[in-house]
Amino acid sequence: MTEAWRPGDEDDGFRRGARNSVKVRVPAKINLRLAVGPLRPDGYHEVSTVYHAIALYDELTARRADTLILTMDGEGTGELALDDSNLVLRAARALAAHARVPAHARLHLRKQIPLAAGLAGGSADAAAALVACDELWGTGLSRDDLAGLAAGLGSDVPFLLHGGTALGTGRGEAISPVLARPTTWHWVVAVADGGLSTPEVYAELDRLRAAGAAPPPVGAADELLAALRQRDPQVLAGALGNDLEPAALSMRPAIKQVLDTGVAAGALAGMVSGSGPTCVFLAADAAGAATVAAALDDAGVCRDVHLAHGAVAGARLV
């Protein structure tokens, strides 16, 4: 059992090498393939997924303070709770307890990743908090140590410490990097109005499957991993898949119009990102992505459109 920090353990709680201010940038994630298995006794579903980090970023700045406080601007301002239910503060407290330092920091989050969008924005911010506070407090934990803490915060958090492209198993927290020659994939991210609750989307998938109304599962990731090695966007487009997409469409039928618009504009493939309602489109190149983005914007079928590329690194100091 980890002991709590006690006054006198360290001068003012900051370890040697600690800094006065740090900034961390962290990407969004998409799931190139998301296979959802049955519900486990612990309440989670068994999943096999290929995570992919894309260049749509949040930034977290951490400064020395005599208490722990979180402020923010950007996406979700006024909607996102800034109390102890927030993953940023939970991550900071988890690190402080593990490292036996006081949880003292002034944290400011600048959000670009939308809330409840299937892009793991909350998990990304938790990963950023672990990296930022580790540096601010001089706790000196390795990425593997941080990943252990991350797994207790959420299924996507360990991946967002590492970034790149990786296979996730278990409930998604067990990460294995995908070894492939570096390739830049071009994406268009169509952000919907309002979010979807991830637990509710999983529950809807269970309901559809029980009623015999869900399509066959997408299956293992072997085809997707082989497609990544070929480095051909046409091949990758044919291997994308998401078991949660039918559930998201059932809960938010308007998503279909977004998918149809992007594909009609020339996207090689479109799919719901994670639990949705954000849709992502794979393009052959940067010019193709710009064309798809313009068509989605002109059609007015989504709240916002972003161009992004992947894979990119996970939470990093800037």
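Residues numbered from 1 in each chain as written. Predicted model: local features only at pLDDT ≥ 70, side-chain atom pairs only at ≥ 80, totals over all residues. Heavy atoms only, no water.

(A) Inspection of the packing of aromatic side chains at higher detail. Inspection of the entire model under this criterion finds 1 aromatic pair. The ring of Y57 has R25 sitting right over it, with the charged end atom 4.0 Å from the ring centre. (Phe/Tyr/Trp six-rings, centres within 6.5 Å; stacked < 30°, edge-to-face > 60°. Lys NZ or Arg CZ within 6 Å of the ring centre and 35° of its normal.)

(B) Inspection of the confidence of the model for the protein chain at higher detail. Chain-level pLDDT for the protein chain is 92 on average; 94% of the residues reach the 70-or-more range. Long-range and interchain partners of residues 1-13, a stretch whose pLDDT sits below 50, account for 18 contacts in this model, where long-range means more than four residues apart. (pLDDT = per-residue confidence, 0-100. Contact = heavy atoms within 4.5 Å.)

(C) Broad picture of helix α10 (residues 286-299). Compared with an ideal rise of 1.5 Å per residue, which puts 14 residues at 20 Å, α10 spans 20 Å between its outermost C-alpha atoms and is within 8% of the ideal. For α10, every residue scored as buried is listed here: A289, V292, A293 and L296. The buried residues of α10 occupy one face: seen down the axis, they fall within an arc of 100 degrees. Exposed positions of α10 whose direction lies more than 90 degrees from the buried face are A287 and D298. Residues of α10 that are buried sit in contact with β7 (185-191), α9 (255-264), β10 (279-283) and β11 (304-310). The backbone nitrogen of A287 has a side-chain oxygen 3.3 Å away, supplied by the residue at the start of α10, namely D285. (Helix = DSSP H or I, 4+ residues; strand = E, 2+ residues; numbered from the N terminus. Expected span 1.5 Å × (residues − 1). Buried < 20%, exposed > 50% of the residue type's maximum accessible area, 1.4 Å probe, protein only. Arc of directions from axis to C-beta. Polar contact = N/O pair within 3.5 Å; in protein donor to acceptor, adjacent residues only side chain to side chain.)

(D) Focus on the environment of A128. Looking at where A128 falls in the secondary structure, it is placed in helix α2 (residues 121-137). Classification of A128 as buried rests on a relative accessible area of 1%. Apart from the residues lying within four places of it in its own chain, the contact partners of A128 are V24, V26, L60 and A315.

(E) Structural context of unusual backbone geometry. Omega for the peptide link from G276 to P277 comes to 5 degrees, which places this bond in the cis form. Even without glycine at this site, A116 takes up a positive phi of about 45 degrees. On the accessibility criterion, A116 (45% relative accessible area) is partly exposed. For A120, which is not glycine, the phi torsion reads 60 degrees and is therefore positive.

(F) Looking closely at the pairing of strand β1 (residues 21-39). Counting buried positions over the 19 residues of β1 gives 14, a clear majority of the element. When β1 meets strand β2 (residues 45-63), the two strands line up antiparallel, connected through 16 bridges. Bridge pairing links I30 to H52 in β2. Hairpin connection between β1 and β2: a loop of 5 residues separates the two successive antiparallel strands, and G43 in this loop has a positive phi of roughly 95 degrees. Where β1 and strand β8 (residues 241-242) come together, 2 bridges link them in parallel fashion. Looking at β8, one finds that L34 is bridged to N242. (Pairing = 2+ DSSP bridges.)

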